[in-house]
Amino acid sequence: TMAVRFGEKFSRFEYTFLVVGSYVLLAPLSSILIDDTDSGGGAALWLFLPLLSLPVAWKELKAVGFGGKDGAALNKHVGGAA
């Protein structure tokens, strides 16, 4: 796996970058789509629905990305990233 090949520090950074990046990109993406829609922008508001998953993502991010747990304790968080 990449964690074995590149190490723990890189894996935690990658996980944090991908999770945080997916939420950060919502604003510019919705801004572009709101400008492009003729319906007054309401059609692109569905892009903010992923924000409802933020509490779950934060819990997983604390455990995995910020180094809260190591080794076998991370196994229960494997499914949480899906």
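Parameters at a glance
Residues numbered from 1 in each chain as written. Predicted model: local features only at pLDDT ≥ 70, side-chain atom pairs only at ≥ 80, totals over all residues. Heavy atoms only, no water. Salt bridge = Lys/Arg side-chain N within 4 Å of Asp/Glu carboxyl O. Helix = DSSP H or I, 4+ residues; strand = E, 2+ residues; numbered from the N terminus. Buried < 20%, exposed > 50% of the residue type's maximum accessible area, 1.4 Å probe, protein only. Expected span 1.5 Å × (residues − 1). Arc of directions from axis to C-beta. Phe/Tyr/Trp six-rings, centres within 6.5 Å; stacked < 30°, edge-to-face > 60°. Axes fitted to C-alpha atoms, helices over the stretch in contact; angles between N-to-C directions. Parallel < 35°, antiparallel > 145°, perpendicular 65-115°, else oblique. Left-handed = near helix turned anticlockwise from the far one by under 90°. Contact = heavy atoms within 4.5 Å. Nonpolar A, V, L, I, M, F, W, Y, C, P; charged D, E, K, R; others polar.

Engineer: For this particular structure, what's the right way to read the pattern of salt bridges?
Structural biologist: Close approach of charged atoms allows side chains of opposite charge to pair. Tallied over the full model, the rule gives one salt bridge. The partner of Arg12 in a salt bridge is Glu8, with the nearest N and O atoms 2.9 Å apart. With Arg12 and Glu8 both in helix H2 (residues 8-24), this residue pair falls four residues apart, about one helical turn.

Engineer: What am I meant to see in the environment of Ser30 here?
Structural biologist: One can find Ser30 in helix H3 (residues 26-36). The class for Ser30 is buried, based on a relative accessible area of 2%. For the pair Ser30 and Trp46, spaced 16 residues apart in sequence, the C-alpha separation works out to 8.8 Å.

Engineer: So what exactly am I meant to see when it comes to H2 here?
Structural biologist: Helical geometry note: an α-helix holds 3.6 residues per turn, so side chains three or four residues apart project in the same direction. Here H2 spans 24 Å end to end across 17 residues, near enough to the 24 Å set by a 1.5 Å rise per residue. Along H2, the residues classified as buried are Ser11, Arg12, Tyr15, Thr16, Val19 and Tyr23. Buried residues of H2, seen end-on, are gathered within an arc of 130 degrees and therefore sit on one face of the element. Exposed residues lying more than 90 degrees from the buried face of H2 are Lys9, Phe13, Phe17, Leu18 and Val24.

Engineer: Honestly, the packing of aromatic side chains in this entry has me stumped. Any pointers?
Structural biologist: Remark: the centre distance and the inter-plane angle together describe each pair of aromatic rings, the angle taken between the planes. Evaluated as defined, the whole model comprises two aromatic pairs. Ring geometry for Phe13 and Phe17: centres 6.0 Å apart, planes at 20 degrees, overall stacked. Taken together, the positions of Phe13 and Phe17, both in helix H2 and four residues apart, correspond to about one turn of that helix. Across the pair, Phe17 and Phe13 agree in class, each one exposed.

Engineer: How should the packing of H2 against helix H4 (residues 54-65) be read in this particular structure?
Structural biologist: For any two helices packed against each other, one specifies the crossing angle of their axes together with the interaxial distance. Contact pair H2 / H4: the axes reach a minimum separation of 10 Å and the direction vectors enclose 165 degrees. With respect to H4, the element H2 is oriented roughly antiparallel. The element H2 and its partner H4 pack so that their crossing is left-handed. Facing H2, whose interface residues are Arg12, Tyr15, Thr16, Val19, Val20 and Tyr23, H4 presents Leu54, Ala57, Glu60, Leu61, Ala63, Val64 and Gly65. The residue inventory of the contact of H2 with H4, partitioned by class, reads nine nonpolar, two polar and two charged.

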